[in-house]
Amino acid sequence: MNNRFASKKVLASALAALTIAASNAALAARDHISIVGSSTVYPFTTVVAERFSRATQFKTPVVESTGTGGGMKLFCQGVGESTADITGASRRIKQSELEMCNGNGVDVVEVQIGYDGIVLANAKTAKPFELSRKDIFLALAKDVPNPDGSESLVPNPYKTWKDVNPTLPAAKIEVLGPPPTSGTRDAFAELAMEGGCKKFDWIAAKKKSDKNAYKAICHNVREDGFYVEAGENDNLIVNKLAANPNALGIFGFSFLDQNADKVQGSLIEGQEPTFESIADNSYPVSRPLFVYVKKAHVDVVPGIKQFLAEFTNDRAWGEEGYLADKGMIPLPTAERQKVANNVRKLNALTNLAAK
């Protein structure tokens, strides 16, 4: 009996070793790095990929813009040639995504690469908006506090910005923004809409008593045509704004910075979205940016270590680096050093509360 059990154990170990060997062999057949993820992080990973390929003998990584949520699904599928090596994210990985990765045998190395602001922009030919987060919530939430002042919700009745706030123009609310799979959408809901939602004390109190109800009120976007899902392509939103001076669009600061001849950012609570206001946290709608690396692929797919070394070099992500020229806001020096050290050690992420 014991001999049979021992034999089965040896056989299981041998099969596991063969599976790992087969997976590594398949990975070794791929001669380029595969990167998916956030449309906001996409321009940064693309420029690093180009610099990396020019400076080394490795092939240029293939970078796809799939959105943060879509990228996480692809990244967390498992290990092997058909799965991505790296994914970009315009928010931190969710606990459910980390569990999905780990459940599929994926150990995740987290790399915070910098910061970004989320802007509400319109065409340069139009007058710039001056908004509060409360204005944004009332304009875009699916359900809003009853205008009669009672502590109840009604389907959003507001059709113009003046309906929301008498100091705003009598222009129809028309906002082009990302879909639910986008990290920009997640961050916008958390930072802008929730920031305005909790200005209502009776809603803010729900965060302790019924967290799910609180999140549903603060994060759910209206679906009656005043908010238009414009896909994961931020450049498409920029072009639509240039053609329609009555609309506003939601995207990352880097796209505003790169298209300053076409669009302008709204002031939010008196703060203009600028490199400096995002870096010093005075602009209220800013967020961290990440790339996540599949640890099992690092020593198998050619060039991943060297790509990470390029990304975390001051010539790339430093205060005077080429990513800052693209609109990414660098981490403080001490934080960059801490992240770079973690990347060199390839420490796998195990606890989201650790950050």
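Since the model is a prediction, treat every value here as computed from it, not as a measurement.

Rules used in this analysis
As a convention, each chain's residues are numbered from 1 in the sequence order in which they are written. Side-chain atom pairs in this predicted model are given and counted only at pLDDT of 80 or more, local residue features only at pLDDT of at least 70, and totals for whole chains, interfaces and linings cover all residues. To get the side-chain values, take all heavy atoms of the structure and skip hydrogens and water. A run of DSSP states H or I qualifies as a helix once it reaches four residues; a run of E qualifies as a strand once it reaches two. Both are numbered from the N-terminal end. The atom set for the radius of gyration is the C-alpha atoms, and the globule formula is 2.2 Å times the number of residues raised to the power 0.38. Exposure classes here rest on a 1.4 Å probe applied to the protein chains alone. A residue is buried below 20% of its type maximum, exposed above 50%, and partly exposed in between. Domain limits in this description derive from either an automatic procedure or a database domain assignment. The contact criterion used is simple: two residues touch if any of their non-hydrogen atoms lie within 4.5 Å. In short, buried area is how much 1.4 Å probe accessible area vanishes from two parts on joining, totalled over both. Here, strands pair whenever DSSP counts at least two bridges between them. For this analysis, a ring pair means two rings from Phe, Tyr or Trp (six-membered ring only for Trp) whose centres lie within 6.5 Å, classed as stacked if their planes differ by under 30 degrees, edge-to-face if by over 60, and tilted for the remaining angles. Any Lys NZ or Arg CZ found within 6 Å of a ring centre and within 35 degrees of that ring's normal is scored as a charge over the ring. Only a pair of cysteine sulfur atoms within 2.5 Å qualifies as a disulfide here.

(A) Main features of the overall build of the chain. The helix and strand tally for the chain stands at 17 helices and 13 strands. The C-alpha radius of gyration of the chain comes to 23 Å, within 12% of the 20 Å expected for a compact globule of 355 residues. Projecting the C-alpha coordinates of the chain onto the three principal axes gives extents of approximately 80 × 55 × 35 Å. Burial status across the chain gives 51% buried among its 355 residues.

(B) Seen up close, the domain arrangement of the chain. We note that the domain assignment places domain 1 (34-115 + 287-345) and domain 2 (117-286) within the chain. Taking the mean C-alpha position of each, domain 1 and domain 2 sit 28 Å from one another. With 22 residues of domain 1 at the interface, the matching set in domain 2 holds 20 residues. With both chains or domains summed, domain 1 and domain 2 bury close to 1500 Å², and 55% of this area falls on carbon and sulfur atoms. Counting the surface domain 1 buries against domain 2, the share from its top three residues, Ser39, Arg287 and Ile329, is 42%.

(C) How the structure looks around the pairing of strand S10 (residues 248-252). Most of S10 sits out of view: five of its five residues are buried. Both strand S4 (residues 108-123) and S10 contribute to a ladder of four bridges, which runs antiparallel. Considered in S10, the bridge of Ala121 is made with Gly249. Across two bridges, the pairing between strand S8 (residues 175-177) and S10 is parallel. Counterpart to Val175 in the pairing with S10 is Leu248.

(D) Main features of the packing of aromatic side chains. The final tally for this structure, using the stated rule, is six aromatic pairs. Seen in terms of ring centroids, Phe290 and Tyr292 are 5.7 Å apart; in terms of plane orientation they differ by 25°. Their pairing is stacked. Assessed through its relative accessible area of 1%, Phe290 is described here as buried. Using a relative accessible area of 0% as the deciding quantity, one classes Tyr292 as buried. Between Phe307 and Phe311 the ring centres are 5.8 Å apart and the planes differ by 90°, which places this aromatic pair in the edge-to-face class. Pair noted here: Phe307 and Phe311 are both in helix H14 (residues 304-311), with a separation of four residues, about one helical turn. Across the pair, Phe311 and Phe307 agree in class, each one buried. Taken together, the ring pairs in this structure connect Phe52, Phe58, Phe307 and Phe311 into an aromatic cluster. Over the face of the ring belonging to Phe226 we find Lys172, whose NZ or CZ atom lies 5.7 Å from the ring centre.

(E) Examining the state of the cysteines more closely. Inspection of every chain in the model, using the stated rule, returns two disulfides. Between the sulfur of Cys76 and that of Cys101 lies a disulfide, 2.0 Å long from S to S. On the sign convention where negative means left-handed, the S-S torsion of about -70° between Cys76 and Cys101 marks this disulfide as left-handed. Pair noted here: Cys76 is in the loop between helix H3 (68-75) and strand S3 (86-89) and Cys101 is in helix H4 (residues 95-103), with a separation of 25 residues, a long-range link. Judged by relative accessible area, Cys101 falls into the buried class, the value being 0%. In this model, Cys197 is linked to Cys218 through a disulfide, with the two sulfur atoms separated by 2.1 Å. One disulfide, between Cys197 and Cys218, carries an S-S torsion of -65° and so falls in the left-handed class. Taken as a pair, Cys197 in helix H7 (residues 183-197) and Cys218 in helix H10 (residues 211-219) lie far apart in primary sequence, 21 residues in all. Residue Cys197 shares its accessibility class with Cys218, and that shared class is buried.

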